[in-house]
Amino acid sequence: MRLFPKDIASKIILLFIAVVIAFTVRFIHQQNSYSPIDEYAHMDYIEKLTEGRLPRLSDQVSEELFLDVKNNPGRSLNGNITTREELGIGNYSYEAIHPPIYYLTLLPVDLLLKKLEIPIFQRVKILRLCSYLIFVLGVFLLIPFFRSLSYLFNNIPDWYAYLGVLFCLLIATNHRYGLGNNMMAPMAINTTAILLMKYWNIPSLKNALLFLFASCLSIFVAIGNVFILPVLFLAFAFRFWKSFSFKIFFSSALLVSLFAILFWQWKLTTIPDATINANFQMILEMYIPAGLVDYATFLRLFSEDAFRLAFLSEKLDITIVLVILCAVSMIVGVLFINTIWKNYRWAFCFACTLLIFFLTTFLLNRYIARIHWMALRHYLAFLPVFYVAISFGILFITNKFFKKG
């Protein structure tokens, strides 16, 4: 991937990207308490892997982690505690419900730090930076993705991809500075999307299997990726149908079946103690029931979590700016729908994906308990979709009225 662009606009945006990364790294480094977003359990997942086993939800967090929380109430989420029971659900490795790829990626770093006898909270701080690096690398994959789109449709300038990277990095932090497997979701989905473009261009067996391999692997990064994968699979199926091949069909079915067996085996290996799991789920359902808030409130809480630039200031919320830009994109879409259908057909795929996001979150919030669905961290794979929704008007107007020549 060519990182340094040729045009001046992209170079300026890349400079802003570097500044945002620097400020975010500083922000993450300055956080001297455990993240309120499940960081005990995320760190304990890695700790369990250092013992050579996968965690189960009913496992207690490691002794080293418990003692660090107990002996350092200033960085604890629970204040002064003396027993594990006072940690509540934080005493359990409940992030064991997530697949292991993200945690395995951080495992070598944690093993090295443990060998160097680095205390656990210092390991957490270093692993946070590694996690953010994974996110940054995943977001930078937007550049080859938009370039591949431009190769197929010839209407996406380089600066648009760099602006997308900047947008994603701006809203990456808020309270998501801590460990969390969702930080790897953009890398998994953007890689899958790039491979989809390769298959779309050349529908070969190799490209089909690479796309399906990345798709399946992305579920082992974050199960929440299943919310966006159907869109990619529909595009894949459409292209496959136009160049049908029994060889690709049976090879693809075999690959997906192997991943399904692997997923089933992972779930069998991590079945928790039934009694502890039942009590845990009862507590979660009590505090996070289905339909906890109406959908309008859901969207307000989601925007507050998503679009507050906490790495600069907790009070800096850019929601209204993004809403205005999104409205401009919608107006452009209505006024120039024929031109967009002819020259920017890819934008309709993003629009459909955004509608799927709204439908999915409506159903999740209304019917599925035990998860804080209004948190952006569950939907980091949708960041490019949000970006196109708020920026397409800018792209279209720029191309239509300011295009060279």
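For the structure, check the block above.
Conventions and cut-offs
Within each chain, residues carry numbers counting from 1 in the order of the written sequence. Side-chain atom pairs in this predicted model are given and counted only at pLDDT of 80 or more, local residue features only at pLDDT of at least 70, and totals for whole chains, interfaces and linings cover all residues. Only hydrogens and water are set aside when side-chain values are computed; all heavy atoms of the structure are taken into account. Put simply, DSSP H or I for four residues or longer makes a helix, DSSP E for two residues or longer makes a strand, and each gets a number counted from the N terminus. Helix span is expected to be 1.5 Å times the residue number reduced by one. Partly exposed residues are those whose accessible area sits between 20% and 50% of the maximum for their type, while under 20% is buried and over 50% is exposed, using a 1.4 Å probe and protein chains only. Any two residues whose heavy atoms approach within 4.5 Å are treated as being in contact. A pair of Phe, Tyr and Trp rings is counted when the ring centres sit within 6.5 Å of each other, with Trp represented by its six-membered ring. The angle between the planes then sorts it: under 30 degrees is stacked, over 60 is edge-to-face, the rest tilted. As a reminder, the over-ring test applies to NZ of lysine and CZ of arginine, requiring each to be within 6 Å of the ring centre and within 35 degrees of the ring normal. Definition used for salt bridges: Asp or Glu carboxyl oxygen within 4 Å of a side-chain nitrogen of Lys or Arg. Between N or O atoms, a polar contact is any pair within 3.5 Å; within protein, one atom must be a potential hydrogen donor and the other a potential acceptor, and residues adjacent in sequence are included only when both atoms are from side chains. Angular values range over 0 to 180 degrees, each being the angle between N-to-C directions of two axes fitted as lines to C-alpha atoms, with helices fitted over their stretch in contact. Any angle from 65 to 115 degrees is called roughly perpendicular, while one under 35 is roughly parallel, one over 145 is roughly antiparallel, and all others are oblique. Left-handed describes a crossing whose near helix is turned anticlockwise from the far helix through less than a right angle; right-handed describes the clockwise counterpart. Classification convention: Asp, Glu, Lys, Arg as charged; Ala, Val, Leu, Ile, Met, Phe, Trp, Tyr, Cys, Pro as nonpolar; all other residues, Gly among them, as polar.

Asker: Can you help me understand helix 6 (residues 142–153) in this one?
Answerer: An α-helix turns once per 3.6 residues; consequently, residues spaced three or four apart project the same way. In this model, helix 6 (12 residues) spans 16 Å end to end at C-alpha, consistent with the 16 Å of a helix rising 1.5 Å per residue. Every buried residue of helix 6 is listed here: Leu-142, Ile-143, Pro-144, Phe-145, Phe-146, Ser-148, Leu-149 and Ser-150. Buried residues along helix 6 sit against helix 5 (120–140), helix 7 (158–170), helix 8 (185–201), helix 16 (345–367) and helix 17 (383–401). Positive phi appears at Asn-154, one or two residues downstream of helix 6, with a value of about 55 degrees.

Asker: Would you mind showing me how to read the packing of aromatic side chains here?
Answerer: Aromatic ring pairs are described here by two measures, namely the spacing of the ring centres and the angle between the planes. Summed over the entire model, instances satisfying the criterion amount to 51 aromatic pairs. Relative to Tyr-103, the ring of Tyr-102 has its centre 5.0 Å away and its plane inclined at 85 degrees; by these criteria the two rings are edge-to-face. With a relative accessible area of 0%, Tyr-102 lands in the buried category. Both rings, one in Phe-298 and one in Phe-302, keep their centres 6.5 Å apart while their planes meet at 5 degrees; by these two values the pair is stacked. Of this pair, Phe-298 and Phe-302 both sit in helix 13 (residues 295–306), 4 residues apart, which is roughly one turn of the helix. Over the aromatic face of Trp-341 sits the side chain of Arg-345, whose NZ or CZ is 4.2 Å from the ring centroid.

Asker: Explain the pattern of salt bridges here, please?
Answerer: Side-chain pairs of opposite charge can arise where the charged atoms are in close proximity. Under the definition given, this model contains 14 salt bridges. Where Arg-123 meets Glu-47, a salt bridge forms, and the shortest distance between an N and an O atom there is 3.0 Å. Of this pair, Arg-123 sits in helix 5 while Glu-47 sits in helix 2 (residues 39–50), and the two are 76 residues apart along the sequence. According to the relative accessible area criterion, Arg-123 is buried, its value standing at 2%. What you see here is one network of salt bridges that share partners, running through Glu-47, Glu-64, Asp-110, Lys-114 and Arg-123.

Asker: Could you clarify how one ought to interpret the side chain of Asn-365 in this entry?
Answerer: Mapped onto the fold, Asn-365 is located in helix 16. Polar side-chain contacts of Asn-365 include one of 2.9 Å to the backbone oxygen of Val-293. Setting aside anything within four residues of it in sequence, one finds Asn-365 in contact with Ala-290, Gly-291, Leu-292, Val-293, Asp-294, Tyr-295, Phe-298, Trp-373 and Met-374.

Asker: Explain the packing of helix 6 against helix 8 here, please?
Answerer: Between two packed helices, what matters for the description is the angle formed by their axes and the separation of those axes. Two elements in contact, helix 6 and helix 8, have axes separated by 9 Å at closest approach and are oriented at 20 degrees. By the criterion of interaxial angle, the relationship of helix 6 to helix 8 is roughly parallel. Judged by the twist between their axes, the crossing of helix 6 over helix 8 is left-handed. Contacts between helix 6 and helix 8 involve Leu-142, Pro-144, Phe-145, Ser-148, Leu-149, Tyr-151 and Leu-152 from the former and Asn-190, Ala-193, Ile-194, Met-197, Trp-200 and Asn-201 from the latter. Class assignment of the residues belonging to the contact of helix 6 with helix 8 gives a composition of 10 nonpolar, 3 polar and no charged.

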